[in-house]
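# An overview of the molecular structure
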Amino acid sequence: MRRLVRETRLDPANFILPLFVVPGEGIHRPIGSMPPQAQMSIDVTVQECREIESLGIGGVMLFGLPESKDEQASGAYDDQGIVQRAVRAIKRELPNLLVVTDVCNCEYTSHGHCGLIVDGDVDNDATLAWLAKAAVSHARAGADIVAPSDMMDGRVDAIRTALDAGGFQKIPILSYAAKFASAFYGPFREAADSAPQFGDRRSYQMDPANAREAMREIELDLEEGADMIMVKPAGPYLDIIHEARQRFDVPLAAYQVSGEYSMIMAAAANGWIDLERTMMESLTSIKRAGADIILTYFAKPAAKLLG
Ligand code: PBG
């Protein structure tokens, strides 16, 4: 009877699993704070993607760790960059697996910030050109969706314009529209080697205290041409997800970030909570709040449980 009257159902088709691609071959390097997630070389990533596809998971989100970093984030928009090569390799073997790419510079800059540094701060407008070039190179490699996570103002318009000019009118933009300056990204910065070397991201990411501003950020991204929007993190921001669902009729994604994942894994490893139940409850709550798409490091175990 509970099954009959249940209001919210999870489906692996709505999950996206983030992956961290590194240079080299045969590499599977565990990320200490996010067991059993690992950095993987392209060949190992492709094998992983086979399993992801067979589990019915909606897609993957690729993050790249380049061979080298510089002030200009060159690796972010290089056609031979790590993400571009990974997309081509995955698409060659698994043409039907949905591949989303994270468009940002923080993994590629020597200082770890998401854009060009001018006078000690990120220069918003100068960074837009890098983002546009990166999105076009991802599309050229075969990405199905590009997802800018940098939080520069005007990036969706810049990316849309560049994609259209490059012949990629059909490639949608999933905008990290309401992305908060969150302490919950801690483990990710180890996984992606992207911690800022000075200062923090509060000049471009949002203040966790601001819900109205989040709606404004989403509205602006939609005006600029975003096809899908994202709220991030997810669990601590269910009110933002709920309000975005009420206001906007586009596909809504929520990113259950590294810290949300690591907290559950750590508590479960200590025997303090039940892993499966906590995992499913956290995901169900994000869906109940209104998210259509959930980016989650739990995608595989949750899909197995649902299957
Ligand atoms: C890049 C980016 C971050 C995350 C996704 N894209 C880190 C950050 O903004 O510092 C975080 C994801 C996670 O914590 O799982 N800008």
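Residues numbered from 1 in each chain as written. Predicted model: local features only at pLDDT ≥ 70, side-chain atom pairs only at ≥ 80, totals over all residues. Heavy atoms only, no water.

### A short note on unusual backbone geometry
Applicable threshold: Strands are runs of DSSP state E lasting at least two residues, helices are runs of H or I lasting at least four, and both sets are numbered from the N terminus onward. Exposure is judged per residue with a 1.4 Å probe applied to protein chains only, and the accessible area is read against the type maximum: over 50% gives exposed, under 20% gives buried, and values in between give partly exposed.
Backbone torsion omega between Pro35 and Pro36 reads -5 degrees, so that peptide bond is classified as cis. Here the bond from Lys232 into Pro233 is cis, since omega is -10 degrees, no more than 30 degrees from zero. Despite not being glycine, Ala73 has its phi angle at roughly 55 degrees, a positive value. As for its position among the elements, Ala73 is in the loop between strand E4 (59-64) and helix H3 (82-93). Owing to a relative accessible area of 0%, Ala73 belongs among the buried residues under this scheme. Here the phi dihedral of Asp119 falls at roughly 50 degrees; this positive angle occurs in a residue that is not glycine. Topologically, Asp119 is positioned in the loop between strand E6 (117-118) and strand E7 (121-122). Its relative accessible area of 79% is what places Asp119 among the exposed residues.

### A closer look at the layout of surface pockets
Definition in use: A pocket here means an open set of points on a 1 Å grid, computed over the protein atoms alone, that has protein on both sides within 12 Å along at least five of seven lines. A cavity is instead a set of points where a 1.4 Å probe fits but cannot get out; residues with an atom within 4 Å of a point line either one. Grid points are joined across faces, edges and corners, and a volume is the space filled by probe spheres set on the points. In this classification, Asp, Glu, Lys and Arg are treated as charged, Ala, Val, Leu, Ile, Met, Phe, Trp, Tyr, Cys and Pro as nonpolar, and every other residue, Gly included, as polar.
When its volume is computed, the largest pocket comes out at roughly 310 Å³. Lining of the largest pocket is provided by 21 residues; of these, Pro36, Gln37, Tyr297, Lys300 and Pro301 occupy positions nearest its centre. Put simply, the parts of the chain that give the lining of the largest pocket at least two residues each are strand E1 (15-22), strand E3 (38-41), helix H9 (258-269), helix H10 (275-289) and helix H11 (299-306). For the lining of the largest pocket, the residue count by class is 15 nonpolar, 2 polar and 4 charged. Approximately 250 Å³ is the volume attributed to the second largest pocket. Lining the second largest pocket, in full, are Arg6, Thr8, Arg9, Leu10, Met280, Thr284 and Leu306. Classifying every residue of the lining of the second largest pocket gives 3 nonpolar, 2 polar and 2 charged.

### Things to note about a positive patch on the surface
Put simply, the rule reads: Without a salt bridge and with relative accessible area above 30%, a residue can belong to a patch; like charges are then joined within 9 Å and nonpolar side chains (Val, Leu, Ile, Met, Phe, Trp, Tyr) within 5 Å. For the accessible areas, the method is Shrake-Rupley and the probe is 1.4 Å, while residue cover comes only from the protein chains on display. Salt bridges are identified by distance alone: a Lys or Arg side-chain nitrogen within 4 Å of an Asp or Glu carboxyl oxygen. All tallies of charge rest on Lys and Arg as positive and Asp and Glu as negative; His and the ends of each chain are not included. Note on charges: their place is set at NZ of Lys, CZ of Arg, CG of Asp or CD of Glu.
On the surface, Arg2, Arg3, Arg6 and Arg9 cluster together into a patch of positive charge. Structurally, Arg9 can be placed in the loop between helix H1 (2-5) and E1.

### Structural notes on the packing of H9 against H10
Our working definition: Inter-axis angles, ranging from 0 to 180 degrees, are taken between N-to-C directions of lines fitted to C-alpha atoms, where helices are fitted over the stretch in contact. What sets the label is the angle itself: under 35 degrees gives roughly parallel, over 145 gives roughly antiparallel, 65 to 115 gives roughly perpendicular, and the rest give oblique. A clockwise turn of the near helix away from the far one marks a right-handed crossing, whereas an anticlockwise turn of less than a right angle marks a left-handed crossing. Two residues form a contact once any of their heavy atoms are found within 4.5 Å.
At a minimum axis distance of 9 Å, the contact between H9 and H10 shows a crossing angle of 160 degrees. One way to sum up the angle between H9 and H10 is to call them roughly antiparallel. Pair H9 / H10 crosses with right-handed handedness. Counting all contacts with H9, which are made through Ile264, Met265 and Ala268, the residues of H10 involved are Leu275, Thr278 and Ser282.

### What about the pattern of salt bridges?
Tallied over the full model, the rule gives 16 salt bridges. Between Lys300 and Glu51 there is a salt bridge; the shortest N-O distance is 3.1 Å. Of the two residues, Lys300 sits in helix H11 while Glu51 sits in helix H2 (residues 42-54), which places them 249 residues apart along the sequence. The class of Lys300 is buried, set by a relative accessible area of 17%. Glu51 sits in the partly exposed class, given a relative accessible area of 30%. Asp150 is the partner of Arg155 in a salt bridge, and the nearest nitrogen-oxygen pair spans 3.2 Å. A residue is classified by how much of its surface remains accessible, and Asp150, at 0% relative accessible area, is buried. Because the salt bridges share partners, they merge into one network encompassing Glu48, Glu51, Lys300 and Lys304.

### Focus on the packing of helix H7 (residues 212-223) against helix H8 (residues 238-247)
Contact pair H7 / H8: the axes reach a minimum separation of 10 Å and the direction vectors enclose 45 degrees. Between H7 and H8, the crossing angle belongs to the class labelled oblique. Regarding H7 and H8, the two cross each other, and that crossing is right-handed. Residues Ala214, Met215, Ile218 and Glu219 of H7 touch H8, and the partners they reach there are Ile240, Glu243, Ala244 and Arg247.

### A look at the side chain of Glu107
Mapping Glu107 onto the fold places it in the loop between strand E5 (99-103) and E6. An unpaired buried charge is present at Glu107: no salt bridge exists, and Arg201, the closest side chain of opposite charge, is 7.0 Å distant.

### Looking at the site of the ligand
Let me state the cut-off plainly: In this text, near means that some heavy atom of the residue lies within 4 Å of the molecule or strand in question. Pairs of N or O atoms are called polar contacts if they sit within 3.5 Å, as long as, within protein, a hydrogen donor faces a hydrogen acceptor (for residues adjacent in sequence, only side-chain-to-side-chain pairs). Grid points define the cavity or pocket, and a molecule sits in it when more than half of its atoms lie within 2 Å of them.
Not every one of the 17 residues close to the ligand is listed here, only the nearest: Lys179, Arg189, Lys232, Ser258 and Tyr297. At 3.4 Å, a side-chain N or O of Ser149 approaches a nitrogen atom of the ligand. A distance of 2.9 Å is found between an oxygen atom of the ligand and a side-chain nitrogen or oxygen belonging to Arg201. Protein coverage of the free-state accessible area of the ligand, which is 400 Å², stands at 100%. Assessed atom by atom at 2 Å from the grid points, the ligand resides in the largest cavity. Split by residue class, the shell around the ligand holds 9 nonpolar, 3 polar and 5 charged.

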